[in-house]
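Here are the chains, one letter per residue:
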Amino acid sequence: MKKKINIKKHLSEMTKDELVQEIIKLHSKFDNVKEYYQSELLADSSVLDKYKKQITKEFFPYGVSGRPGDARAAILRKMISDFTKVAVFEVDVIELILHRVEMAVAFTAAYGDIDMPFYTAAENNFDKVCTLIVKNKLIDKYNERCANMIWKVRDFGWGFFDSLSGIMLHHFENAS
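Residues numbered from 1 in each chain as written. Predicted model: local features only at pLDDT ≥ 70, side-chain atom pairs only at ≥ 80, totals over all residues. Heavy atoms only, no water.

*Asks:* Before we move on, could you go through the overall build of the chain and cite the residues and values that matter?
*Replies:* Along the chain, the regular secondary structure elements total nine helices and zero strands. Shown N-terminal to C-terminal, the secondary structure of the chain runs as helices and strands in the order α-α-α-α-α-α-α-α-α. Its C-alpha atoms give the chain principal-axis dimensions of about 65 × 40 × 30 Å. Evaluated residue by residue, the chain yields a buried proportion of 34% over its 176 residues. By sequence separation, contacts in the chain at least 24 residues apart represent 66% of the contacts at least 6 residues apart. Of the side-chain charges in the chain, 26 are positive and 25 negative, and the distance between the mean point of each set is 7 Å. (Helix = DSSP H or I, 4+ residues; strand = E, 2+ residues; numbered from the N terminus. Buried < 20%, exposed > 50% of the residue type's maximum accessible area, 1.4 Å probe, protein only. Contact = heavy atoms within 4.5 Å. Lys, Arg positive; Asp, Glu negative; His and termini not counted. Charge placed at Lys NZ, Arg CZ, Asp CG, Glu CD.)

Shown next, in the form of structure tokens:
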């Protein structure tokens, strides 16, 4: 709290030109500030695309027909966390988290059943994205995409189909 008061005081004492120079300095020094302004000012999807490519590469570093990636939950979680810090629009966060779940589905389709922690991480992300979809009143936009993804997992193990179906039903039906 005290640090926030200090920064407010510091910034309020600066001239407009000094503030501009301070923002330019932050922009050139910190990649996340650069990505934030790229998204904010340019309404540019390249930041989202960059993170989607990173997630895809974690699952499929050599393409879908190559050997599998590591699909490390901690790395994927950090990518989403980093993006959430720079995202301007919540719909972009929805797109990234949903992409992460879709990659888990594609990974299982390509390489067979994985293990329970893999599915639990995907289910937790699907729960998170469904919460955001409902919060932003975007069920109509994402209903078919989510349903199609769930249909693809109908023959997967570990109760994945039942879990994803239950999550979607819980969120989307309760929102109506």
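*Asks:* Before we move on, can you summarise the packing of aromatic side chains with the specific residues and values?
*Replies:* Under the counting rule described, the total for this entry stands at 11 aromatic pairs. Aromatic pair phenylalanine 107 and phenylalanine 118: ring centres 5.7 Å apart, planes at 35 degrees, arrangement tilted. Of this pair, phenylalanine 107 sits in helix 6 (residues 90-111) while phenylalanine 118 sits in helix 7 (residues 116-135), and the two are 11 residues apart along the sequence. Judged by relative accessible area, which is 5%, phenylalanine 107 ranks as buried. Measuring from ring centre to ring centre gives 6.4 Å for phenylalanine 156 and phenylalanine 160, while their planes differ by 5 degrees; the resulting arrangement is stacked. Residue classification places phenylalanine 160 among the buried residues on the basis of a relative accessible area of 0%. (Phe/Tyr/Trp six-rings, centres within 6.5 Å; stacked < 30°, edge-to-face > 60°.)

*Asks:* How would you explain the nonpolar core if you had to name every residue and give the values?
*Replies:* In terms of nonpolar packing, the biggest core is built from 43 residues, with Ile55, Phe59, Phe83, Phe126, Ile133, Cys146 and Phe160 touching the most fellow members. Mapped onto this core, the elements with two or more residues apiece are helix 4 (46-59), helix 5 (73-86), helix 6, helix 7, helix 8 (139-152) and helix 9 (160-175). Ranked by residues supplied to this core, first place goes to helix 6 with 10 residues. Residue contacts for phenylalanine 83: discarding those within four places in its chain leaves Val47, Leu48, Tyr51, Asp92, Val93 and Leu96. (Core = buried A, V, L, I, M, F, W, Y, C linked by side-chain atoms within 4.5 Å.)

*Asks:* For the side chain of threonine 108, give the residues involved together with the corresponding values.
*Replies:* With respect to the helices and strands, threonine 108 occurs in helix 6. Threonine 108 has contacts with Asp113, Ile114, Phe118, Tyr119 and Phe156, leaving out every residue within four places of it along the chain.

*Asks:* Break down helix 7 for me, citing the residues and quoting the values.
*Replies:* Between its terminal C-alpha atoms helix 7 stretches 28 Å, which fits the 28 Å expected from 20 residues at 1.5 Å a residue. All of the buried residues along helix 7 are Phe118, Tyr119, Ala121, Ala122, Glu123, Asn125, Phe126, Val129, Cys130, Leu132 and Ile133. Next to the buried residues of helix 7 lie helix 4, helix 5, helix 6, helix 8 and helix 9. The residue sitting at the N-terminus of helix 7 and contributing the capping side-chain oxygen is aspartate 115; that oxygen lies 3.0 Å from the backbone nitrogen of phenylalanine 118. Lysine 137 sits one or two residues past helix 7 and shows a positive phi near 55 degrees. (Expected span 1.5 Å × (residues − 1). Polar contact = N/O pair within 3.5 Å; in protein donor to acceptor, adjacent residues only side chain to side chain.)

*Asks:* Now, about the side chain of arginine 100: what can you tell me, with residues and values included?
*Replies:* Its location among the elements puts arginine 100 in helix 6. No salt bridge is formed by the buried arginine 100, whose closest oppositely charged neighbour, glutamate 58, lies at an N-O distance of 9.0 Å. The residues contacting arginine 100, other than those within four sequence positions of it, are Ile55, Phe59, Leu76, Ile80, Ala121, Ala122 and Asn125. (Salt bridge = Lys/Arg side-chain N within 4 Å of Asp/Glu carboxyl O.)

*Asks:* Which residues make up the packing of helix 4 against helix 5, and what values do they have?
*Replies:* For any two helices packed against each other, one specifies the inter-axial angle together with the distance between the axes. Orientation of helix 4 relative to helix 5, taken along the N-to-C sense of each, is 175 degrees, at an axis distance of 10 Å. Classified by the interaxial angle, the pair formed by helix 4 and helix 5 is roughly antiparallel. In contact with Val47, Leu48, Tyr51, Gln54, Ile55, Glu58 and Phe59 of helix 4, helix 5 contributes Ile75, Leu76, Met79, Ile80, Asp82, Phe83 and Val86. For the contact of helix 4 with helix 5, the per-class residue count stands at 11 nonpolar, one polar and two charged. (Axes fitted to C-alpha atoms, helices over the stretch in contact; angles between N-to-C directions. Parallel < 35°, antiparallel > 145°, perpendicular 65-115°, else oblique. Nonpolar A, V, L, I, M, F, W, Y, C, P; charged D, E, K, R; others polar.)

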